[in-house]
Structures are given as C-alpha cells and as structure tokens.
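Summary of the model geometry
Chain by chain, the residues run as shown.
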Amino acid sequence: MKKKAVKYLYITVVLFFLVLFVAKFGKQAILKAYIEAGIGNCVKIPILCIVPEEEAIISETDKDYISGLLPYSFPARQLPYVLPKMKVSVPKGFTIIRGAVTKVYYKKRKYNSETPTVYLLYQKPEFFINLFPQLKKLGIKNNYDFVSRTMNARFTSIDGITDTFFVIMKSIFTPDIGDQRNVKIARFHAADKKGFITYNLGITENYFDCDVIGDNDAFYKLYIKDMDQKLDLGKVVAIVSTLKVSGAPAPVSGESK
C-alpha cells in the first residue's frame, strides 16, 4: 500500500511539473498546433500570417472614375434587425447582390459566381462586441476595434488564448480570395468610412474583400470577384466611398466612433 502511495505521489509530482513546463514553455507550440490541425498554417493559408502594411487612398484619377460607375439602390428590410436602405455604385459589367448576415455569428462563405460580382453585407453597430462582450476587458469597445484586431492577428505571433481566438476569426472573416499567392491587406479611409481591404491580384482574376466600418460603427462587407481584372486597389476604395446608407441604427452605448 505504501509503495502504491509513493508511486501515485511520484506520478502526481511528475504530472504537476509537466503541466508547469507546458504552461511556461509549451503554450505557444500547443496553441499553434491546435490552429494548424484545425485550420492550417502560413503555407496552407498565407492570410493567417499577413497583416496590414499599406494605406489605400483615392487618387484624382480614381475620383474621376467614380463618375462612370453605375448606381444601385437597395430598399430597407426588416430582419431580426433593421437592414437599412443602401446605395452604392459599381462598374459596368458587374452584378451586385445584397445579402444579410442572419446567423448569430459571421459565417465564412464561398461565392461561386463565375461572373464579375459585388456582394454587399451589413451588420448593425456594436454587433461583434455584443456577440463577444468579454472582449471589452481587452479594450475592444466597438466593431472597428474588433475588425482591426482581427486583421492584425498573425499565426506566428500567437501567445495566448486571445491571439488564438483572433486568428480563428481571421480565417472565418476571409471568404474565397483565390490561391493567395499575392494576397495583401491594406488600411483605408474613404469619406465617413474606414477599414481594411484584403486583396489578391491573381493570374486570371482579382479578389477584394472589404471590411468597412461606418462613422456610426455599422459594419459592411463588400466582397468583389473581379473575373475580368478591371479593378485595382484605388478603384476599389473609390467604389467603397460611394456606399451611402440611410436608416441605420445608432450605437446603443455611444462608445463607438
């Protein structure tokens, strides 16, 4: 009996020190292995290791480009929340589709259209911070903070559960953007909107995934499949700048900017 007690004590002590070792030295490796097994790594999904490194602006040429765009208007709709009236202008030859994020989370989707297409999605102010209220303890107070932290997440910089969470969210946020050989992320400001554009200038087509935050903290996503390679980053920012919304709800707390 005494030998068994000594044996169990020995095993307990060994396990205790193993836990301490993992907590101190192995945490990063374990979390990275978890992400790699469930989602992928930088080789398989390059976007997981890319962060914003440039600023996208509208040039005078791009401002002139806006005058040749075709305007589209979408009426307001009543969902579990108000989907406001929207107007946006896109190039000739593009189909534009307005969808709605109707799940309680933002779900990754693949859009299979083989024609040049613009998909427009909307979510109300403070949606993400209300979905994950525990993030307020990290200083994340609004949709923009959430999106910014997500776009700046990097697989190689994982150092805890929070980093792991945002790398996972980055994989969810990013729809199909091609083979990602040339994928980049740019910050932008356009009129009363700001955000990030994840883009991939491919061999035969271009992809632009625009995560946009309005001045009332409403969230918009413009996902563009440029099958004819008519667009560049400046033209896409110009398209985003034409987005006009009326009837969108204001933030509840008044903290969002």
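Numbers given to residues run from 1 along each chain, matching the order in which its sequence is written. Given that the model is predicted, a residue must reach a pLDDT of at least 70 before its local features are reported, and side-chain atom pairs must reach 80 or more before they are shown or counted; all residues, however, enter totals for whole chains, interfaces and linings. Remark: hydrogens and water are excluded; side-chain values derive from all non-hydrogen atoms of the structure.

Here we take up the packing of aromatic side chains. Two rings from Phe, Tyr or Trp (for Trp, the six-membered ring) form a pair when their centres are within 6.5 Å of each other. A pair whose planes differ by under 30 degrees is stacked, one over 60 is edge-to-face, and the rest are tilted. Scanning the model with the defined rule gives 15 aromatic pairs in all. Seen in terms of ring centroids, Phe128 and Phe219 are 5.2 Å apart; in terms of plane orientation they differ by 85°. Their pairing is edge-to-face. Separated by 91 residues along the polypeptide, Phe128 in helix α3 (residues 127-131) and Phe219 in strand β11 (residues 219-226) bring together distant segments of the chain. For the residue pair Phe128 and Phe219, the accessibility class agrees, reading buried in each case. What links up through ring pairs into an aromatic cluster is the set Phe127, Phe128, Phe132, Phe146, Phe165, Phe166, Phe173 and Phe219. Against the face of Tyr144 rests Lys194, its NZ or CZ located 4.1 Å from the ring centre. Each helix is a run of H or I in the DSSP string that is no shorter than four residues. Each strand is a run of E no shorter than two, and both are numbered from the N terminus. Type-normalised accessible area, obtained with a 1.4 Å probe on protein chains alone, sets the label of each residue: buried when under 20%, exposed when over 50%, and partly exposed for intermediate values. Placement of a charge over a ring requires the Lys NZ or Arg CZ to be within 6 Å of the ring centre, with the centre-to-atom vector within 35 degrees of the ring normal.

Another point: the sheet that holds strand β5 (residues 85-90). Strand order in the open sheet formed by three strands is β2-β5-β12, with antiparallel pairing between adjacent strands. Taken across any chain shown, the strands that pair with only one partner, and hence form the sheet edges, are β2 (70-74) and β12 (244-246). The mean angle between the axes of side-by-side strands here comes to 15°, regardless of whether they run parallel or antiparallel. The sheet contact formed by β5 and β12 spans three bridges and is antiparallel. Paired with Lys87 across the two strands is Lys244, which belongs to β12. By the convention used here, strands pair only if DSSP detects at least 2 bridges between them. Axes here refer to lines fitted to C-alpha atoms; in helices the fit is confined to the stretch in contact. Angles between the N-to-C directions go from 0 to 180 degrees.

Salt bridge, as applied in this entry: a Lys or Arg side-chain nitrogen positioned within 4 Å of an Asp or Glu carboxyl oxygen. Applying the stated criterion across every chain, the model contains seven salt bridges. With its nearest N and O atoms 3.4 Å apart, the salt bridge here joins Arg187 to Glu55. With Arg187 in strand β8 (residues 184-190) and Glu55 in strand β1 (residues 54-56), this residue pair connects regions lying 132 residues apart in the sequence. Residue Asp179 is joined to Arg181 by a salt bridge in which the shortest nitrogen-to-oxygen separation is 3.1 Å. Judged by its relative accessible area of 44%, Asp179 falls in the partly exposed class. Classification of Arg181 as exposed rests on a relative accessible area of 64%.

We now examine the sheet that holds β8. The sheet built from seven strands is open, its strands ordered β1-β8-β9-β10-β11-β7-β6 with mixed pairing. Where the open sheet ends on each side, the last strands, each with one partner, are β1 and β6 (95-98). Direction aside, neighbouring strands of the sheet carry axes that sit 20° apart on average. Alignment of strand β10 (residues 206-214) against β11, held across eight bridges, turns out to be antiparallel.

Turning our eyes to something else, we now look at helix α6 (residues 233-241). Of all the nine residues making up α6, eight are buried; the element is thus mostly covered by neighbouring parts of the structure. Within α6, burial applies to Leu233, Gly234, Val236, Val237, Ala238, Ile239, Val240 and Ser241. Regarding α6, its N-cap is Asp232, as a side-chain oxygen of that residue lies 3.3 Å from the backbone nitrogen of Gly234 further along. Whenever a nitrogen or oxygen atom comes within 3.5 Å of another N or O atom, the pair is scored as a polar contact, on the condition that within protein one atom can donate a hydrogen and the other can accept it, and that pairs from neighbouring residues in sequence are kept only if both atoms are in side chains.

Here we take up the confidence of the model for the chain. As a note on interpretation, predicted positions should not be read in detail where pLDDT is low. Looking at any residue, its pLDDT shows the predictor's confidence there, from 0 to 100. When pLDDT is averaged along the chain, the result is 82; 81% of the residues meet or exceed 70. Here a residue-residue contact requires only that any non-hydrogen atoms of the pair lie within 4.5 Å. Here residues 16-23 is a poorly scored stretch, pLDDT under 50, and it has three contacts once near neighbours within four places are set aside; other chains count. With pLDDT under 50 throughout, residues 103-108 is counted as low confidence; its partners more than four residues away or in other chains account for 13 contacts.

It is worth spelling out the environment of Phe94 at this point. Within the element layout of this structure, Phe94 appears in the loop between β5 and β6. In the structure, Phe94 is positioned 23 residues away from Thr117 in sequence and 5.1 Å away in space, judged by C-alpha atoms. Not counting residues up to four positions away in its chain, the partners in contact with Phe94 are Tyr72, Pro116, Thr117, Val118, Ile224, Lys225, Asp226, Lys230 and Leu231.

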